[in-house]
Amino acid sequence: MIAEKTLVAITGAMASAHAMRQINPDVVAAYPITPQTPIMMNFTQFAADGLVDTEVVTVESEHSAMSACVGAAAAGARVMTATAANGLALMHEIVYIAASTRLPIVMSIANRALSGPINIHCDHSDTMAERDSGWIQIFCENAQEVYESTILAMKWAEKENVLLPVMVNQDGFIISHAVENVELLPDDVVKEFVGEHIPHAPLLDVEHPVTYGPLDLYDYYFEHKRQQIEAMKEAEKVFPQIAAELSEITGNEYDFIESYKLDDAEYAIVTLGSSAGTVKYVVDEMRGEGKKVGLLKIRVFRPFPVKRIAEALDGKKAVAVLDRSASFGAEAPIYSEVKSALYTVKERPILQSYVYGLGGRDFTPEHARTAFERLIKGEFFEGEGYLGLRE
Amino acid sequence: MAELKTWKEIPIGGLTEAGSSTRFLTGNWRVERPILNTEKCINCLLCWVVCPDMSIVVEDGKVTGMDLDYCKGCGACAAICPVKAITMEPETKFQR
């Protein structure tokens, strides 16, 4: 049954904070960094107002924030945090440890360009640097998706046989600081959806003592990595069921990917994050002009939905893949993985890579239109193109 | 060594049973062995305080010896002893 929702005008950061408030985690440890700061600012206000039971741990760095999260999660707590950019980079070491120790922490990321030169605005270089860390990665198009993805993430992370941490990505400033209409669920509905946290092997269960973080050398490390690979496969397997459960409450659809006017499209753009909204606007415009264009939005980047992407793009004439981060000396990450996913399809589309929006450079409808029109005219070139760069 | 298990047979997350380090006898790392002279010892228990391996054996408030299964021979006990009741001897003297 669809729950009664409350319509509010809030930022993406506030949408994150409301989801956290309704999840009511046992422990939140975080350090402020632009543009994540309003997520924690809003959440700690909820904590100060007594709206949550959370132990808020204010630490001296992001390395410490993730370390405190790991300790609390190992103790048996339900744990959440938030960060961005250089903060995520400083966490890097412990980000891997959280995943390999199988601690279901949920972390909001307000995506921002990594230094240097220093920049506080949106791109995906921060989260893309963590794509092999063993975390599930969800990308959101707007504040509504941020809110619902955070709730979904908590349940997904804690699912038996998954037990993996999840990053919920929202574009820094573009989503985190922009006010939009967001429909919030009632507190009790969210509480019931996420359910009670039953920790896997809590350190505080003194009747069943375990050792966390022992030395793991050539005799067992490989086996533990194989278990992590399996956990990601399991995460992919159980996601549709959790998504369906949330759909029953919200009436919205959640899938690894979202196809927008893609079924009969001959030309497609693949992207993720807030740029998907811009591309949808251009798809509508160009459909009005009789052009057969469509969008494939990737919502879940890890586990990477290879089969779904292959099915969705099989038989298209040409596809442009947009990346909001670069891989110096190699193909941009989303392009590289989409290209790889298409290796086995029957009718491979022509592919074109575009990098856009680095360091918060605007991504405009004109950029999306340029990419589509070049696909339609058959203007392809070696290597990647750039949208919004002065050349 | 016990037979190695497959990835399906071991706990996830690198977790192991608690207290398994007691099976790891670190005493064989020792180059020097602490020798206690019970006649000099005043049972102040400072050696018990500083020993990082819980290897000072105390019975009824009195130091009775060292647990050589775990003593790594660091010499902290000999260094702290106010009456020089502990001396460090080369391990080779005892290996025959």
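Residues numbered from 1 in each chain as written. Chains lettered and ligands numbered in written order. Predicted model: local features only at pLDDT ≥ 70, side-chain atom pairs only at ≥ 80, totals over all residues. Heavy atoms only, no water.

**Some details on the environment of lysine 291 of chain A**
All names here are of chain A.
Next up, step 1: Structurally, lysine 291 is set in the loop between α9 (275–288) and β12 (293–298).
Next up, step 2: A relative accessible area of 27% means that lysine 291 is categorised as partly exposed.
Next up, step 3: Residues lysine 291 and lysine 225, 66 residues apart in the sequence, show an inter-C-alpha distance of 47 Å.
Next up, step 4: Those residues in contact with lysine 291, other than ones at most four positions away along the chain, are Met286 and Ile376.
Next up, step 5: One polar contact links lysine 291 to glutamate 289, side chain to side chain, over a distance of 3.4 Å. (Helix = DSSP H or I, 4+ residues; strand = E, 2+ residues; numbered from the N terminus. Buried < 20%, exposed > 50% of the residue type's maximum accessible area, 1.4 Å probe, protein only. Contact = heavy atoms within 4.5 Å. Polar contact = N/O pair within 3.5 Å; in protein donor to acceptor, adjacent residues only side chain to side chain.)

**Brief notes about the packing of helix α3 (residues 62–75) of chain A against helix α4 (residues 85–100) of chain A**
Helix-helix packing is characterised by the crossing angle of the two axes and by the distance between the axes.
All names here are of chain A.
Next up, step 1: Orientation of α3 relative to α4, taken along the N-to-C sense of each, is 25°, at an axis distance of 7 Å. With respect to each other, α3 and α4 are oriented roughly parallel. Crossing angle aside, the handedness with which α3 passes α4 is right-handed. Between α3, through Glu62, His63, Ala65, Met66, Ser67 and Val70, and α4, the contact on the second element is made entirely by Gly87, Leu90, Met91, Glu93, Ile94, Val95 and Ala98. (Axes fitted to C-alpha atoms, helices over the stretch in contact; angles between N-to-C directions. Parallel < 35°, antiparallel > 145°, perpendicular 65-115°, else oblique. Left-handed = near helix turned anticlockwise from the far one by under 90°.)

**Re the domain arrangement of chain A**
Residues and elements named next belong to chain A.
Next up, step 1: Assigned domains of chain A: these are domain 1 (6–250) and domain 2 (257–387).
Next up, step 2: Its C-alpha centre places domain 1 at a distance of 28 Å from the equivalent point of domain 2.
Next up, step 3: In this complex, domain 1 contributes 26 residues to the contact, which on the side of domain 2 involves 27 residues.
Next up, step 4: Taking both sides of the interface into account, the surface hidden between domain 1 and domain 2 amounts to around 2,000 Å²; carbon and sulfur atoms contribute 57%.
Next up, step 5: Along the contact surface separating domain 1 from domain 2 lie five salt bridges.
Next up, step 6: Of the charged contacts in the structure, one is a salt bridge between glutamate 145 and lysine 297, with a shortest N-O distance of 2.5 Å.
Next up, step 7: On inspection of domain 1 and its partner domain 2, the count reaches 14 residue pairs in polar contact (both at pLDDT 80 or more).
Next up, step 8: For the side of domain 1 that touches domain 2, the secondary structure elements donating two or more residues are α5 (125–128), β6 (136–139), α6 (143–158) and α8 (221–250). (Domains from an automatic or database assignment. Buried area = accessible area lost by both parts, 1.4 Å probe. Salt bridge = Lys/Arg side-chain N within 4 Å of Asp/Glu carboxyl O.)

**Considerations on the sheet that holds strand β10 (residues 257–260) of chain A**
All names here are of chain A.
Next up, step 1: Spatially, six strands are ordered β10-β12-β11-β14-β15-β16 in an open sheet, and the strand pairing comes out mixed. Single-partner strands in this sheet number two, and they are β10 and β16 (384–387). Direction aside, neighbouring strands of the sheet carry axes that sit 25° apart on average.
Next up, step 2: In this structure, β10 lies alongside β12, joined through four bridges in antiparallel fashion. Bridge assignment links isoleucine 257 to a residue of β12, and that residue is isoleucine 298.
Next up, step 3: Against the sheet, helix α11 (residues 333–341) contacts β11 (267–271), β12, β14 (318–323) and β15 (350–356), and its axis sits at roughly 145° relative to β14. (Pairing = 2+ DSSP bridges.)

**Side note on the interface of chain B and chain A**
Next up, step 1: Listed as interface residues are 16 residues of chain B and, on the opposing side, 18 residues of chain A.
Next up, step 2: Note on chain B versus chain A: buried area summed over both sides is about 1,500 Å², and carbon and sulfur give 64% of it.
Next up, step 3: It is Trp7, Ile12 and Leu15 of chain B that lose the most area in chain B upon contact with chain A, and together they represent 45% of the buried surface on that side.
Next up, step 4: At the junction of chain B and chain A, the tally comes to zero salt bridges.
Next up, step 5: Inspection of the region where chain B meets chain A yields five residue pairs in polar contact (both at pLDDT 80 or more).
Next up, step 6: Bridge analysis of strand β9 (residues 210–211) of chain A against strand β1 (residues 16–17) of chain B gives two bridges, and the strand direction is antiparallel. Bridging from a neighbouring strand, valine 210 of chain A pairs with glutamate 17 of chain B of β1 of chain B.

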